[in-house]
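# Overview (structure and organization)
Single-letter residue listing:
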Amino acid sequence: MAQAAQRLIQRVATQAPQLASAAVTYSRPRLATFWHYAKVELVPPTPAEIPKAIDSMKAMVKSFQSGHLAQLTVKEALRNGLVATEVLMWFYIGEIIGRGSLIGYNV
Amino acid sequence: PIIPRGGGALSRASFPARCGVAEMVPPVQVSPLIKFTRYSALLVGMLYGKTRYDYLKPVAEEERRIESEEKKKREELERIAKELAEASEDSILK
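Residues numbered from 1 in each chain as written. Chains lettered and ligands numbered in written order. Predicted model: local features only at pLDDT ≥ 70, side-chain atom pairs only at ≥ 80, totals over all residues. Heavy atoms only, no water.

Note the cut-off: UniProt positions are given in the numbering used here, feature names are shortened, and annotations may be inferred rather than shown by experiment.
An unreviewed UniProt entry lists chain B under the name ATP synthase F(0) complex subunit e, mitochondrial, with Chelydra serpentina given as the organism. Recorded in UniProt under Subcellular location (unreviewed entry), the annotation for chain B is "Mitochondrion inner membrane".

Going by an unreviewed UniProt entry, chain A carries the name ATP synthase subunit g and comes from Chelydra serpentina. According to the UniProt record, the Subcellular location (unreviewed entry) comment for chain A reads "Mitochondrion membrane". UniProt, in its Sequence similarities (unreviewed entry) section for chain A, records the words "Belongs to the ATPase g subunit family."

### A word on helix α3 (residues 74–99) of chain A
Test applied: A run of DSSP states H or I qualifies as a helix once it reaches four residues; a run of E qualifies as a strand once it reaches two. Both are numbered from the N-terminal end. Helix span is expected to be 1.5 Å times the residue number reduced by one. Each residue's exposure class comes from its accessible area (1.4 Å probe, protein chains only) as a fraction of the maximum for that residue type: buried when under 20%, exposed when over 50%, partly exposed otherwise. Residues are treated as being in contact if the distance between any of their heavy atoms lies within 4.5 Å.
In this model α3(A) runs 38 Å from its N-terminal to its C-terminal C-alpha over 26 residues, within 8% of the 38 Å that 1.5 Å per residue would give. Within α3(A), burial applies to Val87(A), Trp90(A), Phe91(A), Gly94(A), Glu95(A), Gly98(A) and Arg99(A). Contact partners of the buried residues in α3(A): α1 (32–88) of chain B. Of the residues flanking the end of α3(A), it is Gly100(A), one or two places downstream, whose phi is positive at about 75 degrees.

### Here's the deal with the packing of aromatic side chains
Put simply, the test is: Ring pairs shown here join Phe, Tyr and Trp side chains whose ring centres sit within 6.5 Å, with only the six-membered ring taken for Trp; geometry is labelled stacked below 30 degrees between planes, edge-to-face above 60, and tilted in between.
Summed over the entire model, instances satisfying the criterion amount to three aromatic pairs over all chains. Their ring planes at 65 degrees and their centres at 5.1 Å tell us that Trp90(A) and Tyr39(B) sit as a pair that is edge-to-face. With Trp90(A) in helix α3 and Tyr39(B) in helix α1, this residue pair bridges two chains. Judged by relative accessible area, Trp90(A) falls into the buried class, the value being 15%.

Structure follows, in structure tokens:
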């Protein structure tokens, strides 16, 4: 029993660094890919882009007022719905960060 | 631009080569409106979570305090009832 425990500890001590290095080599190219896309797509807006955002919001409101809704294809509407859902999910992620727990409030 | 993938480690047989694309799609230029709304939704969510947590915390503590007081009272009553029952039962094993 003690010998088996000893052997186990020996095996863990020799193989843990191997596992760690294997995990690093596995994840490095994937992390590089993720960073390659995240650098462009997930970056927060620079202060110069905020007036552009306000302008596009005004243009959107105006187009809704001028009846452009009738010419919206279903495909476009679905795509816009997906984008809006994704933006909504960022609110819930912010709530998770704000309350400090993954599920529910730890009061 | 097509970026060559540094996938030397992926050619090992022990890892499944899931990312089979040889060329990477260039990253999408996200519109500033979407970026702005995303990050403002994140900020609003963080504020909402924090304020709701600060509101719920004292409420829960109050509830716990009341619960523990009522539990003490209930246990006291139960203890009295148990002693009365023991005193009034007829048994020769006293």
